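Structure assessment
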Amino acid sequence: MSGNDGIITGPDGVDRCFWHGNLPDYIHYHDHEWGRPVADDRRLFEKICLEGFQSGLSWLTILRKRENFREAFDGFDFGRVAEFTEADVERLLGNAGIVRHRGKIVSTINNARRARELADEAGSLAAWFWKFEPAPEERPAVVDLAHLRANPTTAVSTRISKELKKRGWSFVGATTVYAFMQAMGMVNDHIEGCACRAEVEAERARFRRPG
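Residues numbered from 1 in each chain as written. Predicted model: local features only at pLDDT ≥ 70, side-chain atom pairs only at ≥ 80, totals over all residues. Heavy atoms only, no water.

This part takes up the side chain of Asp 189. With respect to the helices and strands, the residue Asp 189 is situated in the loop between helix H11 (174-184) and helix H12 (197-206). Within the local environment of Asp 189, its side chain forms a polar contact with the side chain of Tyr 178, the two groups lying 2.5 Å apart. Side chain to side chain, Asp 189 and Gln 182 meet in a polar contact 2.9 Å long. Apart from residues no more than four positions distant in its own chain, Asp 189 is found in contact with Trp 34, Arg 139, Val 143, Leu 148, Tyr 178, Gln 182 and Arg 197. (Helix = DSSP H or I, 4+ residues; strand = E, 2+ residues; numbered from the N terminus. Polar contact = N/O pair within 3.5 Å; in protein donor to acceptor, adjacent residues only side chain to side chain. Contact = heavy atoms within 4.5 Å.)

In structure tokens, the structure reads:
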């Protein structure tokens, strides 16, 4: 059942955030990945690129193409993607397994080059991104459906977006960046009442921030 509080009870009797719609692959992503803290540079680069590809589409579409994206973009090794050429752009535009959007493909290659610069500067992508983690006083006292709907961006996601754009990144608007923050575990936006919320919060408490 689904309530007005944004919680849906699955066929297994577990209460979760509503957005997975009780689809098995989406439930797995919700339970085992979304909101759990990430410090691996390649995974972070993958997440921010896929959030960019998601713009204008459903996340489920991207999730179900993720293995194709990984294969197409060399596992999101940004050192390798940074060396892609116009021939690679054309190759990717012919790949029916991914989202064939020239602007987003070109953006991913550009962002790989910018990611390489950022990692060289900060020591790692993780060290750079995690320094923006919101302080407790910048977070809501209660994460509920009303809060999430009212806040598709935050002051922090806007700040990160501006910094990235200043450094030449593209497809990194404040809404995309906030979705990235949620996905990489910089914030825990599992709704109050979701079975994963406390577990994710405990994992974040144990997590050693890079940098």
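Our next topic: the layout of surface pockets. Taken as a whole, the largest pocket encloses approximately 600 Å³ of empty space. As for the largest pocket, its lining consists of 18 residues, and the residues nearest its centre are Trp 19, Trp 34, Trp 59, Ala 179 and Gln 182. Of all the secondary-structure elements, those providing two or more residues to the lining of the largest pocket are helix H1 (24-32), helix H2 (41-54), helix H9 (145-150) and H11. Looking at the lining of the largest pocket element by element, the count peaks at five residues for H11. (1 Å grid on protein atoms, 1.4 Å probe; cavity = no way out; pocket = protein on both sides within 12 Å on 5 of 7 lines; lining within 4 Å. Points joined across faces, edges and corners; volume = space filled by probe spheres on them.)

In total, this model carries 15 aromatic pairs according to the counting rule given. Aromatic side chains Trp 19 and Tyr 26 sit 5.4 Å apart centroid to centroid with 65° between the ring planes, which places their arrangement in the edge-to-face category. On the basis of relative accessible area, Trp 19 is assigned to the partly exposed category, the value being 23%. Arranged with centres 6.5 Å apart and planes meeting at 80°, the rings of Phe 129 and Trp 169 form a pair that is edge-to-face. Here the residue Phe 129 occupies a position in helix H8 (residues 125-130), and Trp 169 occupies one in the loop between helix H10 (155-166) and H11, the gap between them amounting to 40 residues. Judged on exposure class, the residue Phe 129 and its partner Trp 169 are both buried. One aromatic cluster is present, formed by Phe 45, Phe 53, Phe 69, Phe 73, Phe 76, Phe 78 and Phe 84 through successive ring pairs. Lying over the aromatic face of Phe 84, Arg 91 brings its terminal NZ or CZ to 5.4 Å of the ring centre. (Phe/Tyr/Trp six-rings, centres within 6.5 Å; stacked < 30°, edge-to-face > 60°. Buried < 20%, exposed > 50% of the residue type's maximum accessible area, 1.4 Å probe, protein only. Lys NZ or Arg CZ within 6 Å of the ring centre and 35° of its normal.)

This paragraph deals with H10. With 12 residues, H10 extends 17 Å from end C-alpha to end C-alpha; this agrees with the ideal 16 Å at 1.5 Å per step. Residues of H10 that are buried: Val 156, Ser 157, Ile 160, Ser 161 and Leu 164. All buried residues of H10 project into a common sector of 135° when viewed along the axis, lining one side. Facing away from the buried side of H10 by more than 90 degrees, the exposed set consists of Ala 155, Lys 162 and Lys 166. Buried positions along H10 lie against H2, helix H7 (102-122), H8 and H11. Gly 168 sits one or two residues past H10 and shows a positive phi near 100°. (Expected span 1.5 Å × (residues − 1). Arc of directions from axis to C-beta.)

Within the structure shown, the criterion is met by 25 salt bridges. Of the charged contacts in the structure, one is a salt bridge between Asp 189 and Arg 139, with a shortest N-O distance of 2.7 Å. Here Arg 139 lies in the loop between H8 and H9 and Asp 189 lies in the loop between H11 and H12, a separation of 50 residues in the sequence. Overall, the relative accessible area of 1% leaves Asp 189 in the buried class. Ionic contacts of the salt-bridge type, sharing partners, join the residues Glu 33, Glu 46, Lys 47, Arg 66, Glu 67 and Arg 70 into one network. (Salt bridge = Lys/Arg side-chain N within 4 Å of Asp/Glu carboxyl O.)

Quick look at the packing of H10 against H11 now. Two quantities define a packed helix pair, namely the angle between the axes and the distance from one axis to the other. Where H10 meets H11, the axes come as close as 8 Å, and the angle between the chain directions of the two elements is 115°. In this view, H10 runs roughly perpendicular relative to H11, as classed from their interaxial angle. The chirality of how H10 crosses H11 is right-handed. The residues of H11 that touch H10, namely those facing Val 156, Ser 157, Thr 158, Ile 160, Ser 161 and Leu 164, are Ala 174, Val 177, Tyr 178 and Met 181. Looking at side-chain class alone, the contact of H10 with H11 contains seven nonpolar, three polar and no charged residues. (Axes fitted to C-alpha atoms, helices over the stretch in contact; angles between N-to-C directions. Parallel < 35°, antiparallel > 145°, perpendicular 65-115°, else oblique. Left-handed = near helix turned anticlockwise from the far one by under 90°. Nonpolar A, V, L, I, M, F, W, Y, C, P; charged D, E, K, R; others polar.)

So, about empty space enclosed by the protein. All chains considered together, the criterion is met by two cavities of 30 Å³ or more. Considering only enclosed or pocket space, the largest cavity measures out at about 70 Å³ in volume. Lining the largest cavity are Ile 48, Cys 49, Gly 52, Phe 53, Lys 104, Ser 107, Thr 108, Asn 111, Ser 170, Phe 171 and Val 172. Only H2 and H7 provide two or more residues apiece to the lining of the largest cavity. Considered class by class, the residues forming the lining of the largest cavity number five nonpolar, five polar and one charged. Taken as a whole, the second largest cavity spans an internal volume of roughly 40 Å³. The class makeup of the residues in the lining of the second largest cavity is two nonpolar, no polar and four charged.

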